[in-house]
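Residues per chain, in single letters:
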Amino acid sequence: MLRLWGRLSSINVRKVVWAAQELGLPLQRTDAGGQFGLVREAAYLQRNPNGLVPLMEDDDTGLVLWESNAIVRYLCARHSAGKLYPEELPARFVAEQWMDWQQTTLNPAGRDAFIQWIRTPAAQRNSALIAASVAATEPLLDLLEQHLARSPFMAGEHFTMADIPIGCEMHRWWGLPQERPARPALERWYRTVSTRPCARGVLDQPLA
């Protein structure tokens, strides 16, 4: 049994839920963060000093992890070595590269637009923050378009752990009520990953 703390409205929690579903792992999830609180309580902070979600515990090994992409890597390495977790080093580190890029580059670029459109009341929205976020994100989507025009999936010919965080990011960005330039390769890839049976309950959920 995997135990996961975090609300499903969190992009980082969604990554872990999707990965667990791809791997067929039983998952017990407890809402935490945001309106559910819990993350500032002493017992939680003792296990996750970041005070954020997600937090995962693997009952089989006793391992406790926070940081969503690290959790996805761990689950895929433990339960899907050679498939979702590539065995060959070149493919593995291409996957690692894109997972790091999602966390350090793509997510920060799009964060302000998401927060303003989805989590800020309309009367309080800052259009300048939205515009700056769009300006930062669009070149990154062009980069993804170029990559996916050459590669069926993020790390090559097959779906891997790398497609999960990028898929969650695109679900969030394309769910915003703003214009979306056509990017055929990126759209083809997203249709493919978002219609996977194990993406249900994650990429079909509304933004919040």
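Residues numbered from 1 in each chain as written. Predicted model: local features only at pLDDT ≥ 70, side-chain atom pairs only at ≥ 80, totals over all residues. Heavy atoms only, no water.

Q: Any details on the pattern of salt bridges? Residues and values, ideally.
A: Any two side chains of opposite charge can pair, so long as their charged atoms come close to each other. This structure, assessed with the given rule, holds 11 salt bridges. R78 is the partner of D60 in a salt bridge, and the nearest nitrogen-oxygen pair spans 3.9 Å. Here D60, found in the loop between β3 (55–58) and β4 (64–66), pairs with R78, found in helix α3 (residues 68–79); they are 18 residues apart in sequence, far enough to count as distant. Exposure remark for R78: the relative accessible area of 37% places this residue in the partly exposed category. (Salt bridge = Lys/Arg side-chain N within 4 Å of Asp/Glu carboxyl O. Helix = DSSP H or I, 4+ residues; strand = E, 2+ residues; numbered from the N terminus. Buried < 20%, exposed > 50% of the residue type's maximum accessible area, 1.4 Å probe, protein only.)

Q: I'd like to hear about the side chain of E145, residue by residue, with values.
A: Within the fold, E145 resides in helix α5 (residues 127–148). Buried charged residue E145 carries no salt bridge. Nearest counter-charge: R183, at 5.7 Å. Polar contacts involving the side chain of E145 include one to the main-chain amide nitrogen of A185, which spans 3.1 Å. Excluding anything up to four places from it in sequence, E145 contacts R183, P184, A185 and L186. (Lys, Arg positive; Asp, Glu negative; His and termini not counted. Polar contact = N/O pair within 3.5 Å; in protein donor to acceptor, adjacent residues only side chain to side chain. Contact = heavy atoms within 4.5 Å.)

Q: How would you summarise unusual backbone geometry if you had to cite specific residues and measurements?
A: Across the junction of V53 and P54, the peptide omega takes the value 5°, indicating a cis bond. For P54, the location among the structural elements is in the loop between α2 (42–47) and β3. Of note in this structure, L38 is not a glycine but carries a positive phi near 80°. Note on placement: L38 falls in the loop between β2 (27–30) and α2. Phi is positive for E67, which is not a glycine, with a value near 80°. Here E67 is to be found in the loop between β4 and α3.

Q: Pulling in residues and values, what's your account of the environment of R78?
A: Separated by 71 residues in the primary sequence, R78 and A149 place their C-alpha atoms 31 Å from one another. If near-sequence neighbours (up to four positions away) are discounted, R78 is found in contact with D58, D60 and T61.

From the geometry alone we can't say anything about function, so treat these as descriptive.
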